[in-house]
Amino acid sequence: MVKRKKLNKNHTLISTPHFPYNTKSKGGNRALLGIGGNIGDVIRRFEHLFWYLKRSPFVHIVETAPLLKNPPFGYTEQNDFYNTLLLVETRLTPQALLRYVLRVERLFGRKRSFQDAPRTLDIDIIFYENVKMDTKTLTLPHPGWMKRSSVLIPLSHMKGRL
């Protein structure tokens, strides 16, 4: 069952069977993943992603936030986005986790045409423990997270901590 709650003219909070979700910790490094998409049936895709990651040997989902429907930024001539957060535990390093989520994006049909383009699935590493890094391929924490309603609103509905 999907429940919708309009927060304001631009933001709608959506609850589905697995967003929000909470379970016990199994140990490992904690990472906060931001997921988003605006092509096709995104809510259904997020539910499929939940089950895909639930069966993954690389991550353990500890908690998810409700979904947020919100306007695009950057390139604005596209459909609204759906975004949410997943708190996961992993034994992967930050770089290995990045390689894994990029592979998952491709598996779910992600094509990279231009910056801020419409997409089936986007997975960003927002935080990885207290790691701070800035390399050519990965910046932690994710730059600009504190200015994005697509992160802040779902995060305000989560109980767990990094």
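Scroll up for the structure.
Please read these numbers as outputs of a predicted model, since none were measured by experiment. (Residues numbered from 1 in each chain as written. Predicted model: local features only at pLDDT ≥ 70, side-chain atom pairs only at ≥ 80, totals over all residues. Heavy atoms only, no water.)

A. Expanded view of helix α2 (residues 94-107). Here α2 spans 20 Å end to end across 14 residues, near enough to the 20 Å set by a 1.5 Å rise per residue. For α2, the set of buried residues is Pro94, Ala96, Leu97, Leu98, Tyr100, Val101, Val104 and Glu105. Directly beyond the C-terminal end of α2, a positive phi value near 90° is found at glycine 109. (Helix = DSSP H or I, 4+ residues; strand = E, 2+ residues; numbered from the N terminus. Expected span 1.5 Å × (residues − 1). Buried < 20%, exposed > 50% of the residue type's maximum accessible area, 1.4 Å probe, protein only.)

B. Structural detail: the side chain of aspartate 124. Relative to the helices and strands, aspartate 124 resides in strand β8 (residues 122-128). One buried charged residue, aspartate 124, remains without a salt bridge, the closest side chain of opposite sign being arginine 148 at 4.4 Å. Not counting the four nearest positions on each side in its chain, aspartate 124 is found in contact with Leu32, Leu33, Gly34, His142 and Arg148. (Lys, Arg positive; Asp, Glu negative; His and termini not counted. Salt bridge = Lys/Arg side-chain N within 4 Å of Asp/Glu carboxyl O. Contact = heavy atoms within 4.5 Å.)

C. Representation of the packing of aromatic side chains. All told, the structure shown has seven aromatic pairs when counted by the stated rule. Seen from their ring centres, phenylalanine 58 and tyrosine 100 are 5.1 Å apart, and the 55° between their planes marks the pair as tilted. Note that phenylalanine 58 is positioned in the loop between α1 (42-54) and β5 (59-64) and tyrosine 100 in helix α2, a separation of 42 residues in sequence. You can call phenylalanine 58 partly exposed: its relative accessible area is 34%. An aromatic cluster is built from Phe19, Tyr21, Phe46, Phe50 and Trp51, whose rings are joined through pairwise contacts. (Phe/Tyr/Trp six-rings, centres within 6.5 Å; stacked < 30°, edge-to-face > 60°.)

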